[in-house]
Amino acid sequence: MKQSQRIIKNVLAGGIAVGAGGVLQLAAVVFVARSVSVSDFGIYSFILAFAMFFQLLADSGLSTILVRELATRPEKMSETLGAALSLIWVLTSVVELLILAILPFLSFSLEVKVLTLAMGAATLTVLHCTAYGAALRSQEDNELHALGYLLHKVLFCALIFVGLRMGFALVAVVLAHLIPNILLCFYYRWMVLRLYARPKIRIDFAKWKYLLTHSLPVGGATMVRLLAQQVDVMILSWLSDLRTVGLFSGPYRISMAIRFIPETLAIPLYPMYSRLAFNPDAKSELHVAYERSVKFFLLAGFPVATLFLIFSGRLISLLLGEKYLVALPAMQLLAVAFLPFFASSPFPFLFTALHRQRFLMVSAICSLVLRVGLNFLLIPIYGYLGPCLAFFASETLMLLICTIKLARLGFPLSLIKIVWRPLLASCCIGGALYFIKGASLLWLIPATFGGMLIYVLILFLLGTFSDRDLRLAKEGLGFLKPLIAKWSGQPVPLK
């Protein structure tokens, strides 16, 4: 299977799995909220957030580094994965003991503390899943990874439904987290053993040191980015009233949902980046792949931002209610702010592939510092619009810092040359959709699809796509035949 076909295959597999899995996850959370008391739902939210924090602490970017290492040195999968698994056992044991040490200081009943400990075990099991899942992703068998993820969500929903119907309340909810995670780990392990190699689990301090020193900056950057997503609400709560916080939080939570789109699209690029960066003779190929990636994300980001900008009022009314319409400017600003977010989506994977993960963490910290400073400066003046402006400025800074750094590493990029065509095309369809934004949904849905077709047509007329781009797109869309041929035969293990 050719590289373009693998990327298209993996993008579709990830998109379908994340989309369907997200719907199932939302359905499960809604069912829990409707089936237990408000206080029990509050307890569930707390113990899940508590456990997720420690999961992120234990992971610290290890799974990301594993994908890079296994993609560039597949012949050493048994040794690398075996050392990583032993390290994960150490990390999860230490973190679970840390949770156990903290529990006596929490002002909850013994039952809630036991549930918290069990939820901690459930979320830490994910680390073992991601280790085996990293092997699948590194060899670009993302369809198998996506299948496991989707089956996990189906089982999660089923256990939630059955457990709550049987009256087990929070015990059922915690078990619904734990059991699917364990089974998912066995599924990924089975696939790795069947397709690649049997990990030799062993203590290897030199490998542990290498994995930790490379993964900690990635994990730190991830934690900083997650903190940045929450810092707006925290500062807004400090400097204003709860109504202002609510007016910002509603549109912000809606707009944050689209962050999964670029993340899902960027993941399949990571193994390719890693292999090209590992080969010193492939620098020019990596440069072309980087340029084409940013171009693709900008082409995808502009219409998404345009639709959010034009239909912000309809989205707010439909999802939040008329009382949030006063926050329409916030939704529109956030739509524009996601353009640099889209464009910079490949950078974390590209810098990690280039062994520049420390720079990734530094740039994330710089972006956070700017965001915090602008929040304190702008919130007293603009209220809930202040965090929207701070978000746009910090994401733009992140994009510029990363672009300049990559240019210094020998990967220059002309953003203006890439941006003007999708900007012009978006303005054209945005102007047309603006005049029909008040129409009924029966007309808006086909009009939106028509607008997207016109957007693509304008891009063609402006000469956005080179002959090479079109050949790769045509080649990539033909992934189905080699995929069927691959899985209809007997897999050959790595030697």
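Further up the page is the structure itself.
For clarity, every value in this text was computed on a predicted model and none was experimentally measured. (Residues numbered from 1 in each chain as written. Predicted model: local features only at pLDDT ≥ 70, side-chain atom pairs only at ≥ 80, totals over all residues. Heavy atoms only, no water.)

Asks: Looking at this structure, I do not really get the overall build of the chain. What am I missing?
Replies: In terms of regular secondary structure, the chain is built from 21 helices and 0 strands. Oriented by its inertia axes, the alpha-carbon framework of the chain measures out at about 60 × 60 × 45 Å. The buried share of the chain, taken over its 495 residues, is 49%. Residue pairs in contact within the chain that sit at least 24 positions apart in sequence constitute 83% of those at least 6 positions apart. By element, 73% of the accessible surface of the chain is carried by carbon and sulfur atoms, the whole surface being about 23,500 Å². Averaging the locations of the 42 positively and 22 negatively charged side chains of the chain gives two centres separated by 3 Å. (Helix = DSSP H or I, 4+ residues; strand = E, 2+ residues; numbered from the N terminus. Buried < 20%, exposed > 50% of the residue type's maximum accessible area, 1.4 Å probe, protein only. Contact = heavy atoms within 4.5 Å. Areas by Shrake-Rupley, 256 points an atom, 1.4 Å probe, with all protein chains shown as cover. Lys, Arg positive; Asp, Glu negative; His and termini not counted. Charge placed at Lys NZ, Arg CZ, Asp CG, Glu CD.)

Asks: Even after reading the chapter, I still don't get helix α2 (residues 38-59), so can you show me in this structure?
Replies: Structurally, the α-helix is built with 3.6 residues per turn, so residues lying three or four positions apart point the same way. Spanning 22 residues, α2 covers 31 Å between terminal C-alpha atoms, matching the ideal 32 Å at 1.5 Å per step. All buried positions along α2 are accounted for by Ile43, Tyr44, Ile47, Phe50, Ala51, Phe54, Gln55, Ala58 and Asp59. All buried residues of α2 lie within an arc of 165 degrees about the axis, which places them on one face of the element. For α2, the secondary structure elements touched by its buried residues are α1 (3-35), α3 (62-72), α4 (77-102), α5 (110-138), α6 (142-165) and α7 (169-195). For α2, the capping residue at the N-terminal end is Ser37, with a side-chain oxygen 3.1 Å from the backbone nitrogen of Asp40. Positive backbone phi, at 50 degrees, marks Ser60, one or two positions downstream of α2. (Expected span 1.5 Å × (residues − 1). Arc of directions from axis to C-beta. Polar contact = N/O pair within 3.5 Å; in protein donor to acceptor, adjacent residues only side chain to side chain.)

Asks: Quick question: what am I supposed to make of the side chain of Ser293 here?
Replies: Residue placement: Ser293 occurs in helix α12 (residues 283-310). Exposure remark for Ser293: the relative accessible area of 6% places this residue in the buried category. The contacts of Ser293, once residues within four sequence positions are left out, are Leu269, Tyr273 and Pro346.

Asks: Got a minute to help me understand the pattern of salt bridges in this structure?
Replies: Oppositely charged side chains can form a pair if their charged atoms are brought close together. Counted according to the given criterion, the structure contains 11 salt bridges. Here Glu69 makes a salt bridge to Arg73, at a shortest N to O gap of 3.0 Å. Between Arg225 and Glu395 there is a salt bridge; the shortest N-O distance is 3.3 Å. You can see Arg225 sitting in helix α8 (residues 205-239) and its partner Glu395 sitting in helix α17 (residues 385-408), a full 170 residues away along the chain. Arg225 gets classed as partly exposed once you look at its relative accessible area, which sits at 24%. For Glu395, a relative accessible area of 2% corresponds to the buried category. When salt bridges with common partners are traced through the structure, they connect Arg6, Glu140 and Arg275 into a single cluster. (Salt bridge = Lys/Arg side-chain N within 4 Å of Asp/Glu carboxyl O.)

Asks: Help me understand the nonpolar core, please; the structure alone is not making it clear to me.
Replies: One recurring pattern in soluble globular proteins is that nonpolar side chains are buried together. The biggest cluster of nonpolar side chains holds 114 residues, and the ones touching the most others in it are Leu81, Tyr196, Tyr273, Tyr290, Phe347, Phe351 and Leu406. Broken down by element, the residue count for this core peaks at 11 residues, all from α12. Those residues in contact with Leu406 that lie beyond four places of it in its chain are Tyr290, Phe347, Leu350, Phe351, Leu354, Phe411 and Pro412. Listed in part, the 18 residues of the second largest apolar core include Ile43, Ile47, Val112 and Val174. (Core = buried A, V, L, I, M, F, W, Y, C linked by side-chain atoms within 4.5 Å.)

Asks: Got a minute to help me understand unusual backbone geometry in this structure?
Replies: Note: most peptide bonds trans; most residues except glycine with negative phi. Of note, the phi angle at Ser60 is positive, near 50 degrees, even though the residue is not glycine. Examined against the element boundaries, Ser60 turns out to sit in the loop between α2 and α3. The backbone of Glu140 sits at a positive phi, close to 60 degrees, despite the residue not being glycine. Looking at the secondary structure, you find Glu140 in the loop between α5 and α6. Here Glu140 falls in the buried class, since its relative accessible area comes to 2%.

Asks: Got a minute to help me understand the packing of α8 against helix α9 (residues 242-256) in this structure?
Replies: Helix-helix packing: each pair is described by the crossing angle between the helix axes and the interaxial distance. In the contact formed by α8 and α9, the axes pass within 9 Å of each other and the chain directions differ by 170 degrees. For the element pair α8 / α9, the angle class is roughly antiparallel. The handedness of the crossing between α8 and α9 is right-handed. Of α9, the residues touching α8 (which contributes Ala228, Gln229, Gln230, Asp232, Val233, Leu236 and Ser237) are Thr244, Val245, Phe248, Ser249, Tyr252, Arg253 and Met256. A breakdown of the residues in the contact of α8 with α9 according to their chemical character gives 7 nonpolar, 5 polar and 2 charged. (Axes fitted to C-alpha atoms, helices over the stretch in contact; angles between N-to-C directions. Parallel < 35°, antiparallel > 145°, perpendicular 65-115°, else oblique. Left-handed = near helix turned anticlockwise from the far one by under 90°. Nonpolar A, V, L, I, M, F, W, Y, C, P; charged D, E, K, R; others polar.)

Asks: What should I look at first to understand the layout of surface pockets in this one?
Replies: Rolled over the atoms, a probe sized like a water molecule indicates the empty space that remains. The space that makes up the second largest pocket amounts to roughly 1,400 Å³. Along the wall of the second largest pocket there are 37 residues; nearest its centre are Ile8, Arg292, Phe296, Asp469 and Ala473. If you list the elements that add at least two residues to the lining of the second largest pocket, you get α1, α10 (260-266), α11 (269-278), α12, α19 (441-461) and α20 (467-476). The biggest single contributor to the lining of the second largest pocket is α12, with 12 residues. Considered class by class, the residues forming the lining of the second largest pocket number 27 nonpolar, 3 polar and 7 charged. (1 Å grid on protein atoms, 1.4 Å probe; cavity = no way out; pocket = protein on both sides within 12 Å on 5 of 7 lines; lining within 4 Å. Points joined across faces, edges and corners; volume = space filled by probe spheres on them.)

Asks: Sorry, what's going on with the packing of α3 against α11 here?
Replies: The contact between α3 and α11 brings their axes to 8 Å, and the two run at 55 degrees. Taken as axis vectors, α3 and α11 run oblique relative to one another. Seen from above, α3 lies across α11 with right-handed handedness. When α3 is examined against α11, the residues Thr64, Ile65, Val67, Arg68, Ala71 and Thr72 are found in contact with a partner set consisting of Tyr270, Pro271, Ser274, Arg275 and Phe278. Residue classes in the contact of α3 with α11 are distributed as 6 nonpolar, 3 polar and 2 charged.

Asks: How should the packing of aromatic side chains be read in this particular structure?
Replies: When we look at a pair of aromatic rings, we describe it by the centre distance and by the angle of the planes. All told, the structure shown has 16 aromatic pairs when counted by the stated rule. With a centroid separation of 5.2 Å and 85 degrees between ring planes, the pair formed by Phe53 and Phe54 is classed as edge-to-face. The class of Phe54 is buried, set by a relative accessible area of 5%. (Phe/Tyr/Trp six-rings, centres within 6.5 Å; stacked < 30°, edge-to-face > 60°.)

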